[in-house]
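Below, each chain spelled out in residue letters.
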Amino acid sequence: MDTLKVAVGQFPASNDIEENKQFISQLVNKAAMAKVELLVLPEASMCSFASELNVLREMSQRHTPDFIEFIKQLSIQHNMHIVVGVLSLNKDTAEQRVQNQLLVLNNKGEVISQYNKIHVYDAFKFKESDKVQPGTLYEDGSMFGIFKIKEFCFGLINCYDLRFPELARALVSRGVNVLSISANWIPGAYKEMHWDLLLRTRAVENTSYVLASGQTAPKGVGQSMVIDPMGFVLASCGEQVGIQVQDLSIKRIEEVRELLPCLANRRLV
């Protein structure tokens, strides 16, 4: 119960949904061969969220249910939990924008957590909010994506969310000890450095493991990785399509939090 075998996977998602499924099947098969219990896949694994809104709406309506069913069958077949990014329509018919979601399916194919991206990517001359509705905030914290496997408590973060440390801290304050980050981290000046720096910072300041999955080129930087609670990279995918597998340890989290008790030492100011 005090260890968990996890993997982060990466591939270049496009609007060719069948091709995306082939990539995902390959990654899941590799993870299954390694007896992985949790696989983290990128943001918007189903299709390209850079598409025009009418395309995103059509894809969400036509393909999202089947895509989720596809992931469900993989999770059952391989006895594996899977984190995956999808787009969906808002039930509010007055809202035309889609939702950028992370779903967690357990090894029985059940959706056990669903998170709507809070911080949409309105930066670096890109405006995601034109097409994606930000997640609604609730006082009770029900907008957070939190789930447990064994003794590990995971909190979901979606791409641009990574730049807001208060989200990671809010998750950790609710018992999270592993931050699961799915992204399509767009290339650009300083962007790869930011990705690496922010991921390791979130691990160190929260003394938590970080599992980071990002899309590969041409739209993403890749560099999916697993990071130790002390901030060093345990495994990295580099730029190529594939996975990296790593064992997480509850004992390691406890050791780091005893050595570096910054969570216990907090003073609210």
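The sections below set out a description of the structure shown in this document. (Residues numbered from 1 in each chain as written. Predicted model: local features only at pLDDT ≥ 70, side-chain atom pairs only at ≥ 80, totals over all residues. Heavy atoms only, no water.)

Let's talk about a negative patch on the surface
Now for step 1: Residues Asp2, Glu151, Glu254, Glu255 and Glu258 make up a contiguous surface patch of negative charge.
Now for step 2: Mapped onto the secondary structure, Glu255 falls in helix H5 (residues 250-259).
Now for step 3: Of the residues examined, Glu255 reaches a relative accessible area of 38% and is grouped as partly exposed. (Patch = residues over 30% accessible without salt bridge, like charges linked within 9 Å, V, L, I, M, F, W, Y side chains within 5 Å. Areas by Shrake-Rupley, 256 points an atom, 1.4 Å probe, with all protein chains shown as cover. Salt bridge = Lys/Arg side-chain N within 4 Å of Asp/Glu carboxyl O. Lys, Arg positive; Asp, Glu negative; His and termini not counted. Charge placed at Lys NZ, Arg CZ, Asp CG, Glu CD. Helix = DSSP H or I, 4+ residues; strand = E, 2+ residues; numbered from the N terminus. Buried < 20%, exposed > 50% of the residue type's maximum accessible area, 1.4 Å probe, protein only.)

Describing a nonpolar patch on the surface
Now for step 1: On the surface, Val204, Met230, Phe232, Leu259 and Leu260 cluster together into a nonpolar patch covering about 440 Å² of accessible area.
Now for step 2: Here Leu260 shows up in the segment after H5.
Now for step 3: Judged by its relative accessible area of 31%, Leu260 is partly exposed.

A short note on the pairing of strand E13 (residues 233-236)
Now for step 1: Sheet topology places strand E12 (residues 225-227) next to E13; three bridges connect them, and they run antiparallel. Pairing of Ile227 across the sheet is with Val233, part of E13.
Now for step 2: Hairpin remark: E12 followed by E13, antiparallel, with five residues in the connecting loop; positive phi at Gly231, about 100°. (Pairing = 2+ DSSP bridges.)

Things to note about the sheet that holds strand E3 (residues 81-89)
Now for step 1: The mixed open sheet is built from six strands, whose spatial order is E5-E4-E3-E2-E1-E14. In this open sheet, the two edge strands, each paired with only one partner strand, are strand E5 (111-116) and strand E14 (242-249). Adjacent strand axes in the sheet meet at a mean angle of 30°, parallel and antiparallel pairs treated alike.
Now for step 2: For strand E1 (residues 3-10) and strand E2 (residues 38-40), the ladder comprises three bridges, and the chain directions are parallel. What sits directly across from Ala7, in E2, is Leu39.
Now for step 3: Packed on one face of the sheet, helix H2 (residues 53-77) meets E3 and strand E4 (98-105) and runs near 155° to E3. (Axes fitted to C-alpha atoms, helices over the stretch in contact; angles between N-to-C directions. Contact = heavy atoms within 4.5 Å.)

Focus: empty space enclosed by the protein
Now for step 1: Taken as a whole, this structure holds one cavity of 30 Å³ or more when the rule is applied.
Now for step 2: Considered as a void within the structure, the largest cavity measures approximately 40 Å³ in volume.
Now for step 3: Lining of the largest cavity is provided by Tyr121, Cys159, Tyr160, Arg163, Asn184, Trp185, Ile186 and Lys191. (1 Å grid on protein atoms, 1.4 Å probe; cavity = no way out; pocket = protein on both sides within 12 Å on 5 of 7 lines; lining within 4 Å. Points joined across faces, edges and corners; volume = space filled by probe spheres on them.)

Some words on the state of the cysteines
Now for step 1: In the structure shown here, the tally under the stated rule is zero disulfides.
Now for step 2: Counting only cysteine sulfurs, Cys159 is the nearest neighbor of Cys237, a cysteine outside any disulfide, at a range of 16 Å. (Disulfide = S-S within 2.5 Å.)

A short note on unusual backbone geometry
Now for step 1: Omega for the peptide link from Ala217 to Pro218 comes to 20°, which places this bond in the cis form.
Now for step 2: Residue position: Pro218 is located in the loop between strand E11 (209-214) and E12.
Now for step 3: Not every positive phi belongs to a glycine, and Lys35 is a case in point at roughly 60°.
Now for step 4: Mapped onto the elements, Lys35 comes out in the loop between helix H1 (17-33) and E2.
Now for step 5: Positive phi values are uncommon outside glycine, yet Phe124 reaches one of about 50°.
Now for step 6: Examined against the element boundaries, Phe124 turns out to sit in the loop between strand E6 (122-123) and strand E7 (126-127).

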